[in-house]
Each structure stands twice: as structure tokens, then as C-alpha cells.
Amino acid sequence: MPHQDRATIDRRLAELEAQLPTLIAETSPESLIDAFAGIADEIRESAAPADLAHVDARIHCMLHEAGLVPGDEDEPCDDA
């Protein structure tokens, strides 16, 4: 499968971020991370190797901002 360009990856990440509140509301806590990962993994798999660090940072920030994983206060998510 060919890799998607950065703009497409960013659009898909923005869509995932917009879906996150609904996913949290409609998914049991035990299944939430797996449900999120299923979507996030599809995005990761479509990214070029050079974009993986960017994708991973955005995904981590989404999870952190939703209170699902701890974050690093020295690395703000606004720059991801």
C-alpha cells in the first residue's frame, strides 16, 4: 500500500481527534484503548516512515489531553 502524504495523515488525525469524545462516551472503559488503537493503527500504517514520529506524537497528545495516558509536561502537545 502506498504511503499517504502528510496533509492526508494530518486530516485523518484531526478526524480521529474529533471522534474521540464520541468514542469515549460510547465505548466501555475496558475497550476504549483498543478501539482507539484500531483506528490509530490504520493511520500509522498508511504513514511514511518519515512521518511516524509526527503521527505518534499527535496520537499520544490526543490520549493525554483526553486523560487516558500520562503526559510529559516538558513536551507540550501544542507543537505536535
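These figures come from a predicted structure and were not determined experimentally.

Basis of the calculations
Residues numbered from 1 in each chain as written. Predicted model: local features only at pLDDT ≥ 70, side-chain atom pairs only at ≥ 80, totals over all residues. Heavy atoms only, no water. Axes fitted to C-alpha atoms, helices over the stretch in contact; angles between N-to-C directions. Helix = DSSP H or I, 4+ residues; strand = E, 2+ residues; numbered from the N terminus. Parallel < 35°, antiparallel > 145°, perpendicular 65-115°, else oblique. Left-handed = near helix turned anticlockwise from the far one by under 90°. Contact = heavy atoms within 4.5 Å. Nonpolar A, V, L, I, M, F, W, Y, C, P; charged D, E, K, R; others polar. Buried < 20%, exposed > 50% of the residue type's maximum accessible area, 1.4 Å probe, protein only. Core = buried A, V, L, I, M, F, W, Y, C linked by side-chain atoms within 4.5 Å.

Student: Looking at this structure, I do not really get the packing of helix H2 (residues 29–46) against helix H3 (residues 52–65). What am I missing?
Tutor: A pair of packed helices is characterised by two quantities: the angle between their axes and the separation of those axes. Packing of H2 against H3 leaves a shortest axis separation of 11 Å and a crossing angle of 160°. With respect to each other, H2 and H3 are oriented roughly antiparallel. Here H2 and H3 pass one another in a crossing that is right-handed. Facing H2, whose interface residues are Ile33, Phe36, Ala40, Ile43 and Arg44, H3 presents Leu52, Val55, Asp56, Ile59, Met62 and Leu63. Its residues assigned to classes, the contact of H2 with H3 comprises nine nonpolar, no polar and two charged.

Student: Looking at this structure, how should I read the environment of Pro29?
Tutor: Assignment of secondary structure puts Pro29 in helix H2. On the accessibility criterion, Pro29 (69% relative accessible area) is exposed. Each C-alpha atom of the pair Pro29 and Leu68 lies 9.8 Å from the other, and the pair is 39 residues apart in sequence.

Student: Is there a simple way to think about the nonpolar core in this case?
Tutor: Within soluble globular proteins, side chains that are nonpolar tend to cluster in buried spots. The biggest cluster of nonpolar side chains holds 14 residues, and the ones touching the most others in it are Leu13, Phe36, Val55 and Ile59. In contact with Ile59, other than residues within four places in its own chain, are Leu13, Phe36, Ala40 and Arg44.

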